[in-house]
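Each chain, letter by letter, is given below.
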Amino acid sequence: MSGNICAVEVSNITKKFRVYDDKGYTLKEKALHWGRNRYEVREVLRGVSFQIQKGEAVGLIGQNGCGKSTILKLLTKIIYPDSGTIRIHGRVSSLLELGAGFHPDMSGRENIYINASILGLNKKEIDRRIGGIIAFSELEEFIDHPVRTYSSGMYMRLAFSVAVSVDADVLLVDEILAVGDVNFQAKCFRKLMEIKGAGTTIVLVSHSMDQIERICDRSIWIQNGQVREAGSPVDVHRSYLDAMSAKRKQSSQEKAVLAASGTTDSQPAHPDAVRFLSAKLFDKDNKERNVFALGEMVALEIELDMRKERQGCQMEVNLVRADGLFCYGCASALEAAGMEGTDRNTDRTNQKKIRLVFKKMNLLSGWYHFDVHIVDSEGSTIYFGGNVAEFEIDGCRPQRGLVYLEHVWTKG
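What comes next is a walk through the structure.

Conventions used here
- Residues numbered from 1 in each chain as written.
- Predicted model: local features only at pLDDT ≥ 70, side-chain atom pairs only at ≥ 80, totals over all residues.
- Heavy atoms only, no water.
- Helix = DSSP H or I, 4+ residues; strand = E, 2+ residues; numbered from the N terminus.
- Buried < 20%, exposed > 50% of the residue type's maximum accessible area, 1.4 Å probe, protein only.
- Contact = heavy atoms within 4.5 Å.
- Areas by Shrake-Rupley, 256 points an atom, 1.4 Å probe, with all protein chains shown as cover.
- Pairing = 2+ DSSP bridges.
- Axes fitted to C-alpha atoms, helices over the stretch in contact; angles between N-to-C directions.
- Lys, Arg positive; Asp, Glu negative; His and termini not counted.
- Salt bridge = Lys/Arg side-chain N within 4 Å of Asp/Glu carboxyl O.
- Parallel < 35°, antiparallel > 145°, perpendicular 65-115°, else oblique.
- Nonpolar A, V, L, I, M, F, W, Y, C, P; charged D, E, K, R; others polar.
- Expected span 1.5 Å × (residues − 1).

### Let's talk about the overall build of the chain
Check the secondary structure of the chain and you find eight helices and 17 strands. Residues classed as buried in the chain amount to 42% of the 412 residues present. Pairs at least 24 residues apart make up 69% of the contacts formed inside the chain by residues separated by at least 6 positions. Counting every atom, the chain has about 21,800 Å² of accessible surface; 49% of that belongs to carbon and sulfur.

### Some remarks on the sheet that holds strand β11 (residues 291-293)
Pairing is mixed in the open sheet, where five strands are placed in the order β11-β17-β16-β13-β14. Only two strands of the sheet have a single neighbouring strand rather than two, namely β11 and β14 (326-333). Between one strand and the next, the sheet's axes are offset by a mean angle of 25°, whatever the strand orientation. Bridge analysis of β11 against strand β17 (residues 381-394) gives three bridges, and the strand direction is parallel. When the bridges of β17 are listed, Val 291 appears paired with Glu 392.

### Here's the deal with the side chain of Glu 213
With respect to the helices and strands, the residue Glu 213 is situated in helix α7 (residues 209-215). Buried charge Glu 213 goes without a salt bridge, the closest partner of opposite sign being Arg 321 at 5.6 Å.

### Some details on the pattern of salt bridges
Using the criterion set out here, one finds 20 salt bridges in the structure. For Lys 187, the salt bridge identified is with Glu 138, shortest N-O distance 2.9 Å. With a gap of 49 residues between them, Lys 187 in helix α6 (residues 182-197) and Glu 138 in the loop between α4 (123-137) and α5 (152-163) connect regions that are remote in the sequence. Judged by relative accessible area, which is 17%, Lys 187 ranks as buried.

### Thoughts on the sheet that holds strand β4 (residues 83-88)
Strand order across the open sheet formed by three strands is β2-β1-β4, with antiparallel pairing between neighbours. Of all the strands in the sheet, just β2 (39-53) and β4 have a single pairing partner and so form its edges. Shown here is a sheet whose adjacent strand axes are inclined to one another by a mean of 25°, direction ignored. As judged from the 12 bridges shared by strand β1 (residues 6-20) and β2, these two strands associate in the antiparallel manner. Pairing of Lys 16 across the sheet is with Glu 43, part of β2. Its contacts with the sheet place helix α2 (residues 68-75) against β1, β2 and β4, and it is angled at close to 65° to β2.

### Points about the packing of α4 against α6
One can describe the packing of α4 onto α6 by two numbers: an axis separation of 11 Å at closest approach and a directional angle of 135°. By the angle class used here, α4 and α6 are oblique. Contact with α4, carried on its side by Ala 135, Phe 136 and Ser 137, involves Phe 184, Lys 187 and Lys 191 of α6 and no other residues of that element. Here the residues of the contact of α4 with α6 sort into three nonpolar, one polar and two charged.

### Some details on α6
For α6, spanning 16 residues, the distance from its first C-alpha to its last is 23 Å, which sits close to the expected 22 Å at 1.5 Å a residue. Residues Phe 184, Lys 187, Cys 188, Phe 189, Leu 192, Ile 195 and Lys 196 constitute the buried set of α6. Looking at the packing, one finds that the buried side of α6 touches β3 (57-61), α4, α5, β6 (170-174), β7 (201-205) and α7. Trailing α6 by a residue or two, Gly 199 shows a phi angle of about 100°, which is positive.

That's the geometry; what it means functionally is another story.
Take a look at the structure:
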């Protein structure tokens, strides 16, 4: 960061939108179907304020619909606030929607000139940079084809390549790294790190906590159109994941109440074959817990009622972080785990328990849960249970990321 020079200043902005039930667009439609013009006013932003210093990278996080993308559109002046002020110092480049501003019937080359002109470059500057833009996009073979023939990934490559070639003072990015193949995503990430190193101010909207923690100096959590929390990405993300976990827990409890009352149709795919009974977590002393320290043993115990023998059944267990990030998955044949069913000629139930033991749970701080999936020998789902057991890993600072890797700092 460059001293205390403010690059972006947002002061008490509000924004409302009209949401129509089914809006008529022509005069005839409005006259014949006047009822379609009913709408409700939704307040998306409710007095949002924050400052971003020059050279700082800031991530905006929050659930869908909380107002993150609206903030970026306000910063680019695509839309304007109902009240409050926004001040940005320097040239702004943005990546908000794939191919925004691209003309579908023009070639990729022609669209480079149009997009770069919109972002503030003159023709001579574009002429100097167009070779690098095309090379970075890796679209040399298709650059003179109409962009309507491009895939969404090709759109993203071209849009990103133009945006990062502008030498902007402020770069606004909205989920752009979520599109494209793995190699190009890594290339985009490295480019963002280069841009940050050059002193460009970056505002990044993403649902990927890992991306934000690697790129950003600070996170701002937007909830219900307001700033809920701002600070170090690790601390803000922990609070956010805790809140999401609490919300999911409440939802699970509500579903359990509905299931108990018989008002829900969420049943296993083959109720005659298997019925899920319970899932519990234990520590090395066989005590039931749901809060563990880094590196502790964690045992997942699942109890099922195998009502019918099914040879070749397999149980898959997936470990998922609270924000939906898939961490690990493994599978085992039920017979190998001692979960074979009863004799097929009897109606007796056969309650069995299976344990999956993680000798060292080297995940970093946060909330996690297990999903259970049981399939038969043909791959058909017998049972799926999402979030059957939830737990927290606590006390791993100052490490960042997903897992702990043993390391030693030594003098060189």
